[in-house]
Amino acid sequence: MSAMVVDTPEKDTVSRKAIAPSRGRRPWTFYVLASLFTAYVIALYGPMFCIYVLSFQDIRGGLVFPMKGRSLHWFVDLFTQVRTGDVKGSFDRSIKLAIMVTIITVVISFLAGLGFRRRFKGDSIVFYMMIGSLVAPGLVLGLGTGLLFQALGLSPAWYSSALGAQLSWTLPFGVLVMFAVMSRFNNAWDEAARDLGASRWQAIRLVMIPVLAPGLVAVALFGFTLSYDEFARTLQTAGSLNTLPLEIWSMTLNVTSPSLYALGTVTTIVSFIVIGVSLGSIVLIQKRRGAQKIKG
């Protein structure tokens, strides 16, 4: 005969106290960690916020506080005055270069993920060769790329030597992200598509790419942001025409006006737009996939 367990009022009170959160004061460690986190956030975003605020001064404004009026003068000056540098041209080159780097990074990373789905002889050597450029200093690698182009009789340019130098930086990250995404892909889906009569290309286009789409967007975001902001590997490989990071660096040497702050604000807005579009596309892909599952 099984014994019955009867909950007494005393046991019920003890269990509720154990489950209910404590209403007393937080431990001192919480306040220490909260203070450290607050200091970290201020140190990280404080300088950026100062630049954004100072970029909205009027023509009387300087490089330090206090602000003198509010206007969009320095944003207009940034794209109309020659003395601020070739901002429009450098911005155009950086965007084009980032797009090229993004496309190549996504394609090669995806192909590398497909190639490493199964082990093959020498795969470890190939893998470490792909990510080996992460160890080399960026400035030295860019210098070596520029010297290689000169030895081949080719003039360094932002669309050739700078492209190769930046790919040595973006491809390892893209491959690592793609490997992590590919490891969660169930090979049974690919095999099921092949059993139903799909060709190899149809299985990749109709099954693998839709499933791996969020990961591909993440690889594209890595490639674009790393290329758009790359300085060390582009310094010796861009040739006579600067990209935007190089133009900003040159402006710090001869421009002493808040137009430099306005340029920082514009580049940050562009970065946030790219990040927002990427995250939004991932959300749309997930929603579309969920709707397809419900219909199925």
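Heads up: the structure comes first, above all this text.
Reference entry: report on the structure contained in this document. (Residues numbered from 1 in each chain as written. Predicted model: local features only at pLDDT ≥ 70, side-chain atom pairs only at ≥ 80, totals over all residues. Heavy atoms only, no water.)

### A look at a nonpolar patch on the surface
Here is the rule we go by: Residues enter patches when their relative accessible area tops 30% and they take part in no salt bridge; the joining distance is 9 Å for like charges and 5 Å for the nonpolar side chains Val, Leu, Ile, Met, Phe, Trp and Tyr. Note that accessible areas follow from Shrake-Rupley with a 1.4 Å probe, and for residues the cover is restricted to the protein chains shown. Just to be clear on terms, a salt bridge is a Lys or Arg side-chain nitrogen sitting within 4 Å of an Asp or Glu carboxyl oxygen. For the purposes of this entry, the term helix denotes a DSSP run of H or I that reaches at least four residues, the term strand denotes a run of E that reaches at least two, and both are numbered from the N terminus. Exposure classes here rest on a 1.4 Å probe applied to the protein chains alone. A residue is buried below 20% of its type maximum, exposed above 50%, and partly exposed in between.
A surface patch of nonpolar side chains, about 440 Å² in accessible area, is lined by Ile99, Ile103, Val107, Ile108 and Leu111. Secondary-structure assignment places Ile108 in helix H4 (residues 87-115). Accessibility expressed as a relative area gives 38% for Ile108, which makes it partly exposed.

### Remarks on the packing of aromatic side chains
Basically, it comes down to this: Within 6.5 Å between ring centres, the rings of Phe, Tyr and Trp (the latter by its six-membered ring) count as paired, and their orientation is classed by plane angle as stacked under 30 degrees, edge-to-face over 60, tilted in between.
If you walk through the whole model with that rule in mind, you get twelve aromatic pairs. Measuring from centroid to centroid gives 5.0 Å for Phe56 and Phe75, while their planes differ by 45°, and the two rings are tilted. Of this pair, Phe56 sits in the loop between helix H2 (28-54) and helix H3 (73-80) while Phe75 sits in helix H3, and the two are 19 residues apart along the sequence. Owing to a relative accessible area of 34%, Phe56 belongs among the partly exposed residues under this scheme. Taken together, a centroid distance of 5.7 Å and an interplanar angle of 25° make the contact between Phe127 and Phe179 stacked. Here Phe127, found in helix H5 (residues 123-131), pairs with Phe179, found in helix H7 (residues 161-182); they are 52 residues apart in sequence, far enough to count as distant.

### Considerations on helix H8 (residues 187-195)
What counts here: Throughout this description, a polar contact denotes any pair of N or O atoms lying within 3.5 Å of each other; where both atoms belong to protein, one of them has to be capable of donating a hydrogen while the other can accept it, and for residues adjacent in sequence the pair is counted only when both atoms sit in side chains.
Between the side-chain oxygen at the start of H8 and the backbone nitrogen of Ala188 there is a gap of 3.0 Å, and the oxygen is on Asn186. Gly197 lies just past H8 and shows a positive phi near 105°.

### Some points on the environment of Gln202
Defined as follows: What makes two residues a contact is simply this: any of their non-hydrogen atoms within 4.5 Å.
Structurally, the position occupied by Gln202 is in helix H9 (residues 200-228). Accessibility expressed as a relative area gives 32% for Gln202, which makes it partly exposed. Here the alpha-carbon distance between Gln202 and Asp190, two residues twelve residues apart in the chain, equals 9.9 Å. For Gln202, the residues in contact, after removing those within four places along its chain, are Gly197 and Val207.

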